[in-house]
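Spelled out, the chains give:
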Amino acid sequence: TVFKETGRFDEALFIDKVDHEFCLRARSKNFKIVRFNNIFLNHNLGTIKYGRSLKNFKRTPRVIHSPTRMYYIFRNYFYLNEKYKNQFPQELKELKKENWLRAKNNFLYGGKRLRLLRYMVKAYLDYKKGKMGKMEL
């Protein structure tokens, strides 16, 4: 089975990118990932706020995450990037772009700018120190 060959979910990730990492690991062992577009998991990934676009000034919905959630998004991205950048460079490039878009939206529309910046720096520093799992405050 897949679990026997790939192992279980990576507990170091805690919360964010656990599913991405498992799929990348399975693909690295030549398993195929099947996606069902008609099955949905209904869960909240943040709150929706409307803000004006800087390009066209239209009000558009933005997903806003807590600074804590942004910490996990970034720290776990750094981890995945190091682990899989040679095998899956395009996926990680897209994930990086997505993360910076989230950071921009959270910075512009989230309101907790200083805390967001502190947590994003902490995410990088903790990743470099090998501090994974649940964040220590």
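Per chain, residues are indexed from 1 in the order of the written sequence. For a predicted model such as this one, the threshold for reporting local features is a pLDDT of at least 70, and the threshold for listing and counting side-chain atom pairs is 80 or more; totals across whole chains, interfaces and linings nevertheless cover every residue. To get the side-chain values, all heavy atoms of the structure are used, and hydrogens and water are removed first.

Considering helix H3 (residues 67-84)
In step 1: Its 18 residues place the ends of H3 25 Å apart at the C-alpha level, agreeing with the 26 Å of an ideal helix rising 1.5 Å per residue.
In step 2: With a 1.4 Å probe rolled over the protein chains alone, any residue whose accessible area is under 20% of its type maximum counts as buried; one over 50% counts as exposed, and the rest are partly exposed. To qualify as a helix, a DSSP run of H or I must reach at least 4 residues; to qualify as a strand, a run of E must reach at least 2; elements of each kind are numbered from the N terminus. Looking only at H3, the buried set comprises Pro67, Met70, Tyr71, Tyr72, Ile73, Phe74, Arg75, Asn76, Tyr77, Phe78, Leu80 and Tyr84.
In step 3: If you follow the buried residues of H3, they end up packed against helix H2 (18-28), helix H4 (89-109) and helix H5 (113-129). Expected helix span is computed as 1.5 Å times (number of residues minus one). Pairs of residues are marked as contacts when any of their non-hydrogen atoms sit within 4.5 Å.

Concerning the side chain of Ser53
In step 1: Residue position: Ser53 is located in the loop between strand E1 (47-52) and strand E2 (59-64).
In step 2: Once residues within four sequence positions are removed from consideration, Ser53 is found in contact with Lys58, Arg62 and Tyr109.

Here's the deal with the packing of aromatic side chains
In step 1: Note on aromatic contacts: the rings of Phe and Tyr and the six-membered ring of Trp form a pair at centre separations within 6.5 Å, being stacked when their planes are under 30 degrees apart, edge-to-face when over 60 apart, and tilted otherwise. One pass over the full model with this rule turns up 12 aromatic pairs.
In step 2: Where Phe3 meets Phe22, the ring centres are 5.4 Å apart and the plane angle is 45 degrees; that geometry is what we call tilted. Residue Phe3 is located in helix H1 (residues 2-6), and its partner Phe22 is located in helix H2; the two are separated by 19 residues in the primary sequence.
In step 3: Ring geometry for Tyr71 versus Tyr72: centroids 5.1 Å apart, planes at 80 degrees, classification edge-to-face.
In step 4: Linked through ring pairs, Phe74, Tyr77, Phe78, Trp100, Tyr124 and Tyr127 together constitute an aromatic cluster.

Details of the nonpolar core
In step 1: Here, nonpolar core refers to any group of buried Ala, Val, Leu, Ile, Met, Phe, Trp, Tyr and Cys residues whose side-chain atoms link them within 4.5 Å. Counting residues in hydrophobic clusters, the biggest one holds 20 residues, and the most contacted among them are Met70, Tyr71, Phe74, Tyr84 and Leu92.
In step 2: Among the secondary structure elements, those contributing two or more residues to this core are H3, H4 and H5.
In step 3: In terms of residue count, the dominant contributor to this core is H3 (nine residues).
In step 4: Setting aside chain neighbours within four positions, we find Tyr84 in contact with Glu21, Leu24, Arg25, Pro89 and Leu92.

Overview of the side chain of Arg62
In step 1: Its place among the elements puts Arg62 in strand E2.
In step 2: We define a polar contact as two N or O atoms separated by no more than 3.5 Å, with the added condition that, inside protein, one atom must be a possible hydrogen donor and the other a possible acceptor, whereas residues neighbouring each other in sequence contribute only through side-chain atom pairs. Side-chain polar atoms of Arg62 contact the side chain of Asn105, separated by 2.8 Å.
In step 3: Excluding residues that lie within four positions of it along the chain, Arg62 makes contacts with Thr47, Ile48, Lys49, Gly51, Arg52, Ser53, Lys104, Asn105 and Tyr109.

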